[in-house]
Amino acid sequence: MKKSILFISALLSLQLMNAQETEVKGKPELVSSEEALSQLMAQEKGEYKYSVEDYFKKPSQSSFQFSPDGKYVSYKQRDDQGKTHVYTKNTETDEVKMVIEEKEELIRGYGWANENRLIYVMDKGGDENYHLFAVDLDGKNQVDLTPFDGVRVGITNSLKEQKDYMIINMNKDNPQVFEPYKINITNGDLEKLYTNDDPANPIAGYDFDKDGNLKAFTKQRNGTEYVLYYKVDEEKGFEAVMEMTWKDNFSIIQFDYQSENPHDAYVVSNLNSNTDEIIRYDFAKKKEIAKVYSNPTFDVGGMSTSRKRNFEVDYFYYSGEKYNVKPVSKTAKDLHAKFKKQFGDKEFYISSKTDEEDKYLLYVTSDKLYGKYFTYNSKTDKFKEVIDMMPQLKEEDMAEMKPIQFTSRDGLTIYGYLTIPKQAKEGIKVPMIVNPHGGPYGPRDEWGFNPETQLFASRGYATLQVNYRGSGGYGKEFYMAGNKQIGRKMLDDLEDAVAYVKSMDMIDEKRIAIYGASYGGLATLGSLVKTPDLYKCGIDYVGVSNLFTFFKSFPPYWKPFLGQVYEQWYDENDPEDQKIMKEVSPALNVDKITKPLFVVQGANDPRVNIDESDQVVENLRARNIDTPYMVKYDEGHGFGREENRIELYKSMMGFFAMHLKNDNPNFKIEQN
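Quick look at the structure, then. (Residues numbered from 1 in each chain as written. Predicted model: local features only at pLDDT ≥ 70, side-chain atom pairs only at ≥ 80, totals over all residues. Heavy atoms only, no water.)

Here we take up the overall build of the protein. Within the protein, the regular secondary structure consists of 13 helices and 35 strands. For 672 residues, the compact-globule estimate of 2.2 N^0.38 gives 26 Å, and the C-alpha radius of gyration of the protein, at 25 Å, lies within 12% of that figure. Counting all 672 residues of the protein, 59% fall into the buried class. Long-range pairs, those at least 24 residues apart, make up 57% of the contacts in the protein between residues at least 6 apart in sequence. Working note: accessible area of the protein is about 27200 Å², and carbon and sulfur atoms make up 45% of it. Charged side chains of the protein number 88 positive and 107 negative; the gap between the two group centres comes to 4 Å. (Helix = DSSP H or I, 4+ residues; strand = E, 2+ residues; numbered from the N terminus. Rg over C-alpha atoms; globule rule 2.2 N^0.38 Å. Buried < 20%, exposed > 50% of the residue type's maximum accessible area, 1.4 Å probe, protein only. Contact = heavy atoms within 4.5 Å. Areas by Shrake-Rupley, 256 points an atom, 1.4 Å probe, with all protein chains shown as cover. Lys, Arg positive; Asp, Glu negative; His and termini not counted. Charge placed at Lys NZ, Arg CZ, Asp CG, Glu CD.)

Okay, here's the thing in structure tokens:
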């Protein structure tokens, strides 16, 4: 069971942050004043067809979902203050009602628990300790189902057959480990389903069937090994079925309810292959039945089945250079053909469907289309456009995102994407922004609409995104090639990517910047240390800077994974690794950074402590390096609030304009 620690750059879909009223974190005296940041924004000059707001203002409506019975459609709607409330609309009468009002806390995720009740998730102050709430479809009977301070909740199973219940996991009794509970979504009554009582070797994941029976769990051992336990019958209880390390993947997707054997399941595995593949596995006999789906280059993403048609397999999917679907059932093949005919070369996703599978909500997008929602009625065979999410952004004005691949200096095939501004296609050499993704282990960049790269392209910048070694989706060998390469070969991959793009003869080689978030921030800082002459400037957004202090700031529920971190990142207890950690921690080599740096941080970040940014800013300022510093005290690991995101990108565009366009080496922003 591959257990990746994902330090993800992008803000998680269920993450939010709110101000801490009493505690001011970090060193406020380092933070650039509003006047200084306004001065920075003003460096972006010229008239542009699209503003920053056009790219980063929340859509007027979003997150559409059908109720299970199809009588209602729910969605988020933005108000004039940038808040997004949840509404329901009766599909027969068109009556609209607000059911969840967004106040100080952001609604980070919501969905239908059954045809009468919705659930949603919020946290406090960016601590990522999510609470689960529920409310009736008319907005009444709103309840905080998990009113526990310092506790993080996750949803494990929806229990469609038991409409008033679902299975969640919480670290309620021990902050380091998670345990499963059956919860009543009306009154919050809890029943603990299993005790995770060995924090040194905790259970890392639980597998329930559709009826809520715990059939398997995966227990961690020694921080780097995993044992999957399965229960064939009550008398024998749970028995060890499979032993593996964190480098392996063997995880249950769902049980095969079409089989007469209740112990048959669909499993994602790479035990006998380089890439993740889907197999059918008999847990009673402890043997593989058949390989179901695989791709030689890319990891399989998952599968979809039909509850209405007795869990028949509909399709498999994976992300290659683009998103790929392989329909299997006749129903899925017919639907896929209809959707393909309707939407052409655009990507389309089934975002919601009714239990009767007579109504579908489709999300349609591309590299140039932010997204549109459509409904499809299988009874009438009719499509209807619901909304264009960003009607102000015209497809014909957007830039192309081109998949690329090249060979690294040590022979690896590296994939990535290049977003190309129109000026480059007209023969003008353009500045370029290198944008390493977060993680670094597991996440990857994908093809599709990216408001960041489109904003950059609208200002004449190309954007290079590289799925460097260690990125997810490219198989075990590529994933393992990133082990202990932070600050080393991972940065080589970025340099090799820049060299590859230079060979296209469209980039102004003297005007290249680097910008990243989370691990991408670490890569930004590391690149400015390792190759100071390659880049003119950089932006570090919630980035790690010092591996020693970073490891010591882990939240409690990351502690069980330290063994993997030591094998995959570096071991802070090993003298040889300590030497490397000192070499690749930018905060300890800040004297080698000579180029301007813009640092951005959420004060309440539970993953990358504000000290990671403070120490870089303080050191660079002491050497008189231009270092604007934006801190938001109501944010954490990424900015979730619309007003903060807009201010951030306006400041970024001013910073890039100042160093990639304006060419005034003596100009410096006053910090306070």
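From this point, the narrative continues.
The next thing to look at is the layout of surface pockets. Quantified by volume, the largest pocket comes out at close to 510 Å³. Forming the boundary of the largest pocket are 20 residues, of which Phe-66, Thr-91, Thr-375, Lys-384 and Val-386 lie nearest the centre. Of all the secondary-structure elements, those providing two or more residues to the lining of the largest pocket are strand S1 (61-66), strand S2 (72-78), strand S3 (84-90), strand S25 (359-365), strand S26 (372-377) and strand S27 (382-388). Examining the composition of the lining of the largest pocket, we find that five residues originate from one element, S27, more than from any other. (1 Å grid on protein atoms, 1.4 Å probe; cavity = no way out; pocket = protein on both sides within 12 Å on 5 of 7 lines; lining within 4 Å. Points joined across faces, edges and corners; volume = space filled by probe spheres on them.)

Take the sheet that holds strand S16 (residues 238-245) next. Within the open sheet, the four strands sit side by side as S13-S14-S15-S16. Their pairing is antiparallel. A single partner strand is all that each edge strand has here, and the edge strands are strand S13 (203-208) and S16. Strand-to-strand twist in this sheet, taken as the mean axis angle between neighbours without regard to direction, amounts to 20 degrees. Bridging between strand S15 (residues 225-231) and S16 involves seven bridges; their strand directions are antiparallel. Counted as the bridge partner of Tyr-230 is Glu-239 from S16. (Pairing = 2+ DSSP bridges. Axes fitted to C-alpha atoms, helices over the stretch in contact; angles between N-to-C directions.)

Formed by 98 residues in total, the largest nonpolar core has its most connected members in Leu-228, Phe-250, Phe-283, Leu-418, Met-432, Leu-464 and Trp-569. Dropping the residues within four chain positions of it, Leu-228 is found in contact with Ala-216, Phe-217, Thr-218, Glu-239, Ala-240, Val-241, Met-242, Met-244, Phe-250 and Phe-283. Judged by nonpolar contacts, the second largest core, of 35 residues, contains Leu-37, Val-52, Met-390 and Met-652. (Core = buried A, V, L, I, M, F, W, Y, C linked by side-chain atoms within 4.5 Å.)

Another point: the side chain of Asn-483. Mapping Asn-483 onto the fold places it in the loop between helix H6 (476-480) and helix H7 (489-502). The contact partners of Asn-483, leaving out residues within four places of it in the chain, are Trp-246, Lys-247, Tyr-441, Glu-567 and Gln-568.

Within this structure, the stated rule accounts for 50 salt bridges. When the shortest N-O distance is used, the salt bridge between Glu-44 and Arg-459 registers 3.7 Å. One end of the pair, Glu-44, is in the loop between helix H1 (34-41) and helix H2 (52-56); the other, Arg-459, is in the loop between helix H5 (451-458) and strand S31 (462-467), and 415 residues separate them in sequence. Comparing Glu-44 with Arg-459 shows no difference in burial state: the two are buried. Through salt bridges with shared partners, a single network forms among Arg-309, Glu-312, Asp-314, Lys-353 and Glu-357. (Salt bridge = Lys/Arg side-chain N within 4 Å of Asp/Glu carboxyl O.)

On to the packing of aromatic side chains, then. Counting across every chain of the model gives 53 aromatic pairs. The structure contains a cluster of three or more aromatic residues connected by ring pairs, namely Tyr-441, Tyr-479, Phe-550, Phe-551, Phe-554, Trp-558, Tyr-566 and Trp-569. (Phe/Tyr/Trp six-rings, centres within 6.5 Å; stacked < 30°, edge-to-face > 60°.)

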